[in-house]
Amino acid sequence: MIKDAPGRKTSKKKRKDMDLPVEMQRYSIDYAVIPTDLRFAPTPEGTYHDVLNFMITAFDDDGNLVASQVSQMIADLKLETVRDVLAGGLRLHQEIDVPVKSIAMRLGVEDTANSHLGTLEIPLLVKPPPDVPMAAARKSLPPVEPD
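Predicted model, so just to flag it, every value in this text is computed and none were measured.

Colleague: Lay out the overall build of the chain in plain terms, naming residues and giving numbers.
Modeller: Within the chain one finds three helices and seven strands. N-terminal to C-terminal, the α/β element order of the chain is α-β-β-β-β-α-β-β-β-α. Here the chain holds 147 residues, and the buried ones make up 28% of them. For the chain, the proportion of contacts with a sequence separation of at least 24, taken over those separated by at least 6, is 65%. When the accessible area of the chain is evaluated, it comes to approximately 11200 Å², of which 57% is carbon and sulfur surface.

Dropping the structure here:
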């Protein structure tokens with residue numbers, strides 16, 4: 001049995017709202033990490049090791065966390081691959097579904113080997129008109145052309 005914390009009140013209105021479906025929007029994020037921020041450590045096996053965390057959080061207009069995702073990249077790379085990464089950087093793609101009512105998304109990249117952490121906050125200002133369902137709004141966008 002789950003109990004509420006002492007002194008904590010739960011309103012029935014909030015519980016009803018939680019049961020309603022939440023309209024979501026999918027975002028695609030492409031990270032590009034510059035090589036000077038990476039620290040690959042040589043291993044006895046002859047590879048180069050690093051652990052990177054790629055983090056996404058989304059917030060509503062009250063500052064509440066409404067979505068989050070962390071992807072961890074454990075890299076054990078050969079010398080040739082490390083040279084390529086150090087020459088051109090490291091890229092990673094993430095996708096996340098966040099509630100349409102979200103107002104900001106915060107992205108973060110952490111290199112655990114050197115404790116470097118970088119973040120970026122993006123306002124989510126582009127919203128579909130309230131009278132247009134999300135499916136119809138997506139169909140009205142032009143297709144993405146390949147590079």
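Colleague: Please give an account of the packing of aromatic side chains that cites residues and values.
Modeller: Where two aromatic rings form a pair, the distance of their centres and the angle of their planes describe that pair. Enumeration over the complete set of coordinates arrives at one aromatic pair. Taken together, a centroid distance of 4.9 Å and an interplanar angle of 65 degrees make the contact between Tyr31 and Phe54 edge-to-face. A residue pair is termed long-range when its members are at least 10 positions apart, and Tyr31 in strand β1 (residues 24-33) and Phe54 in strand β3 (residues 48-59) qualify at 23 residues. The same class applies to Tyr31 and to Phe54, which are both buried.

Colleague: Tell me about the pattern of salt bridges, and please be specific about residues and values.
Modeller: A full pass over the atoms with the stated rule returns three salt bridges. When the shortest N-O distance is used, the salt bridge between Arg26 and Asp97 registers 2.9 Å. On the criterion of sequence distance, the pair formed by Arg26 in strand β1 and Asp97 in strand β5 (residues 90-99) is long-range, its members being 71 residues apart. The class of Asp97 is partly exposed, set by a relative accessible area of 32%.

Cut-offs and rules
Residues numbered from 1 in each chain as written. Predicted model: local features only at pLDDT ≥ 70, side-chain atom pairs only at ≥ 80, totals over all residues. Heavy atoms only, no water. Helix = DSSP H or I, 4+ residues; strand = E, 2+ residues; numbered from the N terminus. Buried < 20%, exposed > 50% of the residue type's maximum accessible area, 1.4 Å probe, protein only. Contact = heavy atoms within 4.5 Å. Areas by Shrake-Rupley, 256 points an atom, 1.4 Å probe, with all protein chains shown as cover. Phe/Tyr/Trp six-rings, centres within 6.5 Å; stacked < 30°, edge-to-face > 60°. Salt bridge = Lys/Arg side-chain N within 4 Å of Asp/Glu carboxyl O.

These results come straight from atomic positions and should not be treated as a statement about function.
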